[in-house]
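Observations on the model geometry
Spelled out from the first residue to the last, the chains are:
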Amino acid sequence: MSSSDSERMLKLKSSDGVTFDIKDAIVVTKLEFIKNIIEDCCGDNDLILVPNVNSEILAMVLEWCKKHVGDDIISDGEDDEENEYFSRKKEIKKWDAEFVKNLDQGVLYHLLMAADYLNAKQLLDLLTQRVADMIKGKKSEQIRQIFNIKNDFTPEEEEAIKKRNPWAFE
Amino acid sequence: MREGIGNISRRGVSGKQNHRRTKSHIAPEGSSITPSSSFSSSVLFQQSQWANLPPELLIDIIQRVEASETSWPARRDVVSCASVCRTWREITKEVVKTPEQCGWLTFPISLKQPGPRDAPIQCFIKRERATSTYRLYLGLTPALAEDMSKLLLAARKIRRATSTEFLISLVGDDFSRASNSYIGKLRSNFLGTKFVIYDSQPPHDSVIQTNCRSHRRIHSKQVSPRVPAGNFNVATISYELNVLRTRGPRRMQCTMHSIPISAIQEGGAAPTPSEFSNGLEEHGSPSLSVSSSVSNGKKALMELSSTNDSQELVQCKDPLVLKNKAPRWHEQLQCWCLNFKGRVTVASVKNFQLVAAAEPSQNISAAEQEKVILQFGKIGKDIFTMDYRYPLSAFQAFAICLSSFDTKPACE
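Residues numbered from 1 in each chain as written. Chains lettered and ligands numbered in written order. Predicted model: local features only at pLDDT ≥ 70, side-chain atom pairs only at ≥ 80, totals over all residues. Heavy atoms only, no water.

Quick notes on the packing of aromatic side chains
Residues and elements named next belong to chain B. Across all of its chains, the model carries 13 aromatic pairs over all chains by this definition. Centroid distance F352 to F376: 5.5 Å. Interplanar angle 35°. Geometry classified as tilted. Residue F352 is found in strand β14 (residues 352-356), and its partner F376 is found in strand β15 (residues 374-380); the two are separated by 24 residues along the sequence. Look at F352 and you get buried, because its relative accessible area is 3%. (Phe/Tyr/Trp six-rings, centres within 6.5 Å; stacked < 30°, edge-to-face > 60°. Helix = DSSP H or I, 4+ residues; strand = E, 2+ residues; numbered from the N terminus. Buried < 20%, exposed > 50% of the residue type's maximum accessible area, 1.4 Å probe, protein only.)

The structure is reproduced here in structure tokens:
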């Protein structure tokens, strides 16, 4: 049994029964929920159940985690290190943009819920910002189409909104 | 803003109790069906998962939209969010702050809410002589924003036998009183020396609003959407000749019946309606009425009395009175001068600055008495600037400025 957390191996099991081998627990430090469980357990190669997330989504979450390992390490101030730090930051940012770019709204939704459940603040920020960006510049009908939302106002309410709020329909 | 997350994960661990979330995760990819048994809402059809996001997530998302789109036209995105579906509307209205709190105008109701305390909201008015129409836009001047300026209100001047009326509407081309975009009017007496501002709804906070509306006994199911607007006298404006007759600027006084003097006393607040009402709530369910009023202990006593069928008086016991700041006589320039801080560039008898008129007994601080609450003046042919701040709303400010367009030669 290793004494250091970061050398610990573990397994995650998704809601649909797929097991993910994590060679190095450091990969999941950004998932607060998992991290808390690890800190409370003491066995090596533990199996952690993640009943709220299916395998496709969990795989994506882990992919994001792997990319972001150590992304908050600050350099000591050496020029070389700083340049490397900044260029890595830039590269990660670009990767994040690609990660969210073509997500189908269904997948985006499940990722959002998974990030929320797993308490992964950084991933959650990325995803909520993505949703906000998808909303910007759109009218309400377009927003409904993108996110497959039904208009549940009654006809009277709709009429009142249109008349009382012409600003929504300019 | 993230304090909810810790709670969420704990809830997630014992997620069996939270059916909605557990079930939606196990749902197949791309599915937009959520078990209707999980909801007690009256939605008759299956609603998208996006309509039922956990509130803290939806709040986060809409806050991001709101924070990045503060000025128009981009701010329309916030308004769009409020028109998507019921849950989004509720959350958006919770997220958006009043102009007094944040300095931004978001929904039309913002036009009936007091402006910010620290600095005015700057607008301009364009007069279209051919149609006797006056349009209020948000922005410094037309030149800066070209045609992109946000239209806030419009008014049409109608001359009648014994008075003139300015009908005020949310849209630039519909001034019918039966329309839902009609929000009030200004009426002058024959001489153009006294004016009354009428609001189509009582300017109370939402709590008091439901009491007022009960007098009218209107239920949204029973009437068609078009209900004749009320007529609440919220302010009177009077113009007097200067004692020196035509040689000096005229004196203006505005008695704001709906704004108590306590609004500008320490800790005071002005009425802040949170919803339009006019026999028809914008939203069917009363639970939507989110009170956005700035509330504290001081709420002035309001009386609502009916003088006749078409007029209802809203009277504070101690209303705020505004008067125009006296210009100084400039010996060298040989004219009367007010410091408009660059916002007014053409001399005109219509130009004015309004400050609070305070008796010593009313305990108004010197700083408050100095504040120019409303400033109006000409910058070009048919173009005027209007800067207003707390405790006036855009609607009240616009109506007061309109009175300046109608005063007759007897007053000039």
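A look at the side chain of B:T385
Residue and element names in this part refer to chain B. Here T385 is to be found in strand β16 (residues 383-388). Given a relative accessible area of 1%, T385 falls into the buried group. Separated by 2.7 Å, the side chain of T385 and the backbone oxygen of R343 make a polar contact. Here T385 is in contact with C123, F124, L140, R343, V344, Q375, F376, G377 and I379, once residues within four sequence places are set aside. (Polar contact = N/O pair within 3.5 Å; in protein donor to acceptor, adjacent residues only side chain to side chain. Contact = heavy atoms within 4.5 Å.)

Focus on the sheet that holds strand β2 (residues 19-22) of chain A
All names here are of chain A. The 3 strands lie next to each other as β2-β1-β3, forming an open sheet whose pairing is mixed. Where the open sheet ends on each side, the last strands, each with one partner, are β2 and β3 (46-49). On average, each strand axis in the sheet is tilted by 25° relative to the strand beside it, whichever way the strands run. Here 4 bridges tie strand β1 (residues 10-13) to β3, and the two strands are oriented parallel to one another. Residue pairing in the sheet places L10 in a bridge with D46 of β3. The strands touched by helix α2 (residues 55-67) are β1 and β2; relative to β2, the strand with the most contacts, the crossing angle is about 15°. (Pairing = 2+ DSSP bridges. Axes fitted to C-alpha atoms, helices over the stretch in contact; angles between N-to-C directions.)

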